[in-house]
Amino acid sequence: MIFVALYVDDLIFMDNNNEMIEEFKGIMRREFEMTDLGLMKFFLGLEVSQEKTSIFVSQETYAKEILKKYKIENCNPISISMELGAKLSKFDGGERVDASTRVW
């Protein structure tokens with residue numbers, strides 16, 4: 001089985017069978033003008049790091065650009081933004097809010 005993702009003119013595909021990957025690339029090259037960029041490093045703003053047994057996806061560069069844009073790149077980071085083990089639920093019995101009503 002080969003997994004293929006297409007977004008406009010960006011195509012990524014993966015499989016654990018190198019023969020199948022090469023066959024797929026050959027078929028695609030015969031049908032379309034295509035450039036093989038090798039292992040994926042960036043896709044749709046995501047940074048991708050591939051190791052032999054794992055794939056890590058990050059938006060570190062994007063996050064740093066946002067911090068820089070709003071001039072808060074030197075803010076104090078925290079490792080966890082919420083209490084560990086916190087249970088989230090749809091509704092905790094509090095007073096409901098009408099989203100269509102604006103209070104200014």
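Everything in this summary refers to the structure shown in the same document. Sequence order as written defines the numbering, with residues in each chain counted from 1. In view of the model being predicted, local features appear only for residues whose pLDDT reaches at least 70, and side-chain atom pairs are presented and counted only at 80 or more, with totals across whole chains, interfaces and linings using the full set of residues. Side-chain descriptors were evaluated using all non-hydrogen atoms of the structure, hydrogens and water having been removed beforehand.

With respect to the overall build of the protein
Heads up, the rule is: Helix and strand labels come from DSSP, where a helix needs a run of H or I of at least four residues and a strand needs a run of E of at least two; each type is numbered from the N terminus. The globule rule is 2.2 Å times the number of residues to the power 0.38, and the radius of gyration it is compared with is taken over C-alpha atoms.
Secondary structure summary: the protein contains two helices and five strands in total. Mapped from its N terminus to its C terminus, the protein presents α and β elements in the order β-β-α-β-β-β-α. For 104 residues, the compact-globule estimate of 2.2 N^0.38 gives 13 Å, and the protein exceeds it by more than 25% at 22 Å. Here the C-alpha coordinates of the protein stretch approximately 60 × 35 × 30 Å along the principal axes.

Quick word on the pairing of strand 5 (residues 55-58)
To keep things clear, this is the line we draw: DSSP calls a pair of strands paired once it identifies at least 2 bridges connecting them.
Bridge analysis of strand 4 (residues 46-50) against strand 5 gives four bridges, and the strand direction is antiparallel. By the bridge assignment for strand 5, serine 49 is matched with phenylalanine 56. Counting the residues in the hairpin turn of strand 4 and strand 5 gives four residues.

Observations concerning the pattern of salt bridges
To keep it simple, the criterion reads: Salt bridges are defined as contacts in which a side-chain nitrogen from Lys or Arg sits within 4 Å of a carboxyl oxygen from Asp or Glu.
For the structure shown, the criterion picks out four salt bridges. Put simply, lysine 25 and glutamate 22 hold a salt bridge, and the shortest N to O gap is 3.1 Å. Taken together, the positions of lysine 25 and glutamate 22, both in helix 1 (residues 18-31) and three residues apart, correspond to about one turn of that helix. Across the pair lysine 64 and glutamate 60 runs a salt bridge, and its minimum N-O distance is 2.9 Å. Taken together, the residues lysine 64 and glutamate 60, both in helix 2 (residues 60-69) and four residues apart, mark about one turn of the helix. Residues joined in a network through salt bridges with shared partners are Glu22, Lys25, Arg29 and Asp36.

Some thoughts on the sheet that holds strand 4
With antiparallel pairing, three strands are arranged side by side in an open sheet as 3-4-5. Here the strands that pair on one side only, and so sit at the sheet edges, are strand 3 (42-43) and strand 5.

Some points on the side chain of glutamate 47
For the record, the criterion: Polar contacts, as counted here, are pairs of nitrogen or oxygen atoms within 3.5 Å of one another; within protein the pair requires one atom able to donate a hydrogen and one able to accept it, and residues that are adjacent in sequence qualify only if both atoms are side-chain atoms.
Structurally, the position occupied by glutamate 47 is in strand 4. A distance of 2.6 Å separates the side chain of glutamate 47 from the backbone nitrogen of threonine 61, its partner in a polar contact.

Quick word on unusual backbone geometry
Notably, valine 8 is not glycine yet its phi reads approximately 55 degrees, a positive angle. By the element assignment, valine 8 lies in the loop between strand 1 (3-7) and strand 2 (10-14). Not every positive phi belongs to a glycine, and leucine 44 is a case in point at roughly 50 degrees. Position of leucine 44 among the secondary structure elements: in the loop between strand 3 and strand 4.

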